[in-house]
Amino acid sequence: MIEFGPVSSNLPVHAPLPYFQVNADGHLLIGGQSVVDIARRFGDDTPFYAYDRQVIQDRIAALRAALPSEIHLHYAIKANPMPDVVRFVAPFVDGIDVASAKEMVTAIENGAEPQHISFTGPGKTDAELDHAVRSGVVINVESERELAPIVAAGQKYKTRPQITVRINPDFELKGSGMRMGGGAKQFGIDAEIIPDILQKIKTMEVDFLGFHIFSGSNCLNAAAIIDAQDKTFELAIRLAKESGITLKTLNIGGGLGVPYFPGDTPLDLSKVGEHLTRKMVEVRRDLPETEIIMELGRYIIAESGVYVCRVIDRKFSRGHIFLITNGGLHHHLSASGNFGQLIRKNFPVIIGNRMIEGRETELVNVVGPLCTPLDILADKMHLPKAEIGDYVVVFQSGAYGLTASPIHFLSHPVAREVLV
Ligand SMILES: *Cc1c(COP(=O)(O)O)cnc(C)c1O
């Protein structure tokens, strides 16, 4: 357990990190190996991301324990498409959600069955749709325009394309970091025109499986998730009834968040699970056979990952200490605050080789080597006094880390990734 003590009684602190330990030398352990040893395996080459497989497994086990057993769990690999991670996760989940042809290939090559892969995302090209039909993956249709190329590919390969329809709901997930549904959106098809689309689909050479409704991401508020799930079921049941169709599948999205910032409290997963268990009894009256799917990226993978870079320079500027590292926003845009944060806040950061109780701390800015003031890993944080060569570790980095970062910016080396 890593705990973040208050430096002053009125400042919020980061939530404790239950999965990580420190050895007698004060070195952080990841998957039982010290951060220094992992770096040595790479010939002391940093920065790197390390993902702890035990943490991934624990998160999936926690989901399975909390959610009703009939819920199918999918992993949305855009959160972390590293092949070793996908190969590790695939056997523990019931399906993989992909958002591009490349992700689809990654999923297929790393153990996912095509019929358990769903391909979501706006702006799928004809070539991507052709590839998906040929591969036998389920296509989550986001626009009427996608239907013609899907049907054409089905004829070409003498197969019936498997499709679901993504609905842009008439509600949103309140308190979520990113809103993905409700109002005018590029995602999905507006709920109002779903009945029309379904009539057209009925005449087409495709197998319609069901609906997908994803209303938001990174929500820590169980009540808001429960509310969105209730509305999701209500909308899906109403639209299915109106159109006289049977849903083989209903993907109710996910949106479960993890605590990143000071003052964030972890999501109460048991509340979500208890509500869903009760709700399913009611849902089964209308949807007795429907496979209910939840798709999660962040909740499965975020907490398993750390980003590790080293201090290259220690500078003083007009009373402030700057630790300049070889890592930064080119590898970890999220931690820099430039990936969907309105007001920049610090991820949990430590000095990974100085985790000794009672060590002197100092107020520092941890920045990267890029020529932009946006390249910040920690802004005015109290950290153990660090020296050149020390290891800066950013936690909660398993999701939307390297994959969501502008790795070509300034042409520094790309961070390595390792599953430990
Ligand atoms: C991004 C995305 C997810 C995963 O969201 P997380 O916040 O990582 O759980 C799931 N479904 C869809 C459609 C997405 O676009």
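As shown above, the structure is provided for reference.
Residues numbered from 1 in each chain as written. Predicted model: local features only at pLDDT ≥ 70, side-chain atom pairs only at ≥ 80, totals over all residues. Heavy atoms only, no water.

*Asks:* Mind showing me how you'd approach the site of the ligand here?
*Replies:* K78, S217, E295, R298 and Y400 are the nearest of the 14 residues found near the ligand. Taking E295, its side chain carries an N or O atom lying 2.6 Å from a nitrogen atom of the ligand. One of the backbone N or O atoms of R298 is found 2.7 Å from an oxygen atom in the ligand. Coverage of the ligand by the protein amounts to 93% of the 390 Å² it exposes when considered alone. Secondary-structure elements contributing two or more residues to the shell around the ligand are β13 (216–219) and β15 (291–296). Grouping the amino acids of the shell around the ligand by side-chain chemistry returns 5 nonpolar, 5 polar and 4 charged. (Near = heavy atom within 4 Å. Polar contact = N/O pair within 3.5 Å; in protein donor to acceptor, adjacent residues only side chain to side chain. Areas by Shrake-Rupley, 256 points an atom, 1.4 Å probe, with all protein chains shown as cover. Helix = DSSP H or I, 4+ residues; strand = E, 2+ residues; numbered from the N terminus. Nonpolar A, V, L, I, M, F, W, Y, C, P; charged D, E, K, R; others polar.)

*Asks:* Could you clarify how one ought to interpret the environment of V420 in this entry?
*Replies:* Along the chain, V420 falls in the segment after β22 (416–419). Note on V420: relative accessible area 10%, which makes it buried. Remark: the alpha-carbon pair of V420 and R314, spanning 106 residues in sequence, is separated by 30 Å. When neighbours within four sequence positions are excluded, V420 is seen to be in contact with I30, G31, Q33, I38, R41, Y51, D52 and R53. (Buried < 20%, exposed > 50% of the residue type's maximum accessible area, 1.4 Å probe, protein only. Contact = heavy atoms within 4.5 Å.)

*Asks:* Explain the pattern of salt bridges to me, please; I cannot follow it from the model alone.
*Replies:* Close approach of charged atoms allows side chains with opposite charge to pair. Scanning the entire structure with this criterion turns up 23 salt bridges. The partner of R64 in a salt bridge is D94, and the shortest N-O contact between them spans 3.0 Å. Taken together, the residues R64 in helix α2 (residues 53–66) and D94 in the loop between α3 (83–89) and β6 (95–98) connect sequence positions 30 residues apart. A residue is classified by how much of its surface remains accessible, and R64, at 33% relative accessible area, is partly exposed. Among the salt bridges present, the one from E142 reaches R166, with a minimum N-O distance of 2.8 Å. (Salt bridge = Lys/Arg side-chain N within 4 Å of Asp/Glu carboxyl O.)

*Asks:* Got a minute to help me understand the packing of aromatic side chains in this structure?
*Replies:* Two aromatic rings, taken as a pair, are described by how far apart their centres are and by the angle between their planes. With the rule as written, the count across this model stands at 10 aromatic pairs. A centroid spacing of 5.5 Å and a plane angle of 70° characterise the contact between F42 and F48, whose relative ring orientation is edge-to-face. Looking at F42, the relative accessible area reads 15%, which means it is buried. Of the aromatic side chains, those joined through ring pairs into one cluster are Y49, Y51 and Y307. Positioned above the aromatic ring of F119, the side-chain terminus of K124 is 5.8 Å from the ring centre. (Phe/Tyr/Trp six-rings, centres within 6.5 Å; stacked < 30°, edge-to-face > 60°. Lys NZ or Arg CZ within 6 Å of the ring centre and 35° of its normal.)

*Asks:* Explanation requested: the packing of helix α4 (residues 101–109) against helix α5 (residues 126–135) in the structure shown.
*Replies:* A packed helix pair is summarised by two numbers, namely the angle formed by the two axes and the spacing between the axes. Packing of α4 against α5 leaves a shortest axis separation of 10 Å and a crossing angle of 20°. Regarding the angle of α4 to α5, the classification is roughly parallel. The two elements α4 and α5 cross, and the hand of that crossing is left-handed. Facing A101, M104, V105 and I108 of α4, the residues of α5 in contact are E128, H131, A132 and S135. Considering only residue class, the contact of α4 with α5 consists of 5 nonpolar, 2 polar and 1 charged. (Axes fitted to C-alpha atoms, helices over the stretch in contact; angles between N-to-C directions. Parallel < 35°, antiparallel > 145°, perpendicular 65-115°, else oblique. Left-handed = near helix turned anticlockwise from the far one by under 90°.)

*Asks:* Even after reading the chapter, I still don't get the sheet that holds strand β2 (residues 28–30), so can you show me in this structure?
*Replies:* One key point about sheets: their strands pair by backbone hydrogen bonds, in either a parallel or an antiparallel sense. Pairing in this open sheet of 3 strands is antiparallel, and the strands run β1-β2-β3 from one edge to the other. Among the strands making up the open sheet, the edge pair consists of β1 (21–22) and β3 (33–34). Two elements, β1 and β2, share 2 bridges in a ladder whose sense is antiparallel. Counted as the bridge partner of Q21 is L29 from β2. (Pairing = 2+ DSSP bridges.)

*Asks:* What is the right way to read the nonpolar core from this model?
*Replies:* Nonpolar side chains tend to gather and get buried jointly when the protein is soluble and globular. Counting residues in hydrophobic clusters, the biggest one holds 107 residues, and the most contacted among them are L63, Y75, I96, F211, F233 and L256. The greatest single-element share of this core, amounting to 10 residues, is contributed by helix α8 (residues 222–243). Aside from chain neighbours lying at most four places away, what touches I96 is H74, Y75, I77, A90, A107, A112, H116, I117 and S118. The next biggest cluster of nonpolar side chains, apart from the first, holds 21 residues, and it includes I38, A39, F42 and Y391. (Core = buried A, V, L, I, M, F, W, Y, C linked by side-chain atoms within 4.5 Å.)

*Asks:* I would appreciate a short explanation of the pairing of strand β17 (residues 320–325) in the present structure.
*Replies:* Two faces, one strand: in a regular strand the side chains alternate between the faces of the sheet. Pairing of strand β16 (residues 305–317) with β17, which is carried by 6 bridges, proceeds in the antiparallel orientation. Opposite F316, over in β17, you have I321 as the bridge partner. Linking two consecutive strands that pair antiparallel, namely β16 and β17, is a turn of 2 residues; a positive phi of about 45° is found at R318 within it. Examined bridge by bridge, β17 and strand β19 (residues 361–367) share 4 bridges and lie parallel to one another. What sits directly across from I324, in β19, is V367.

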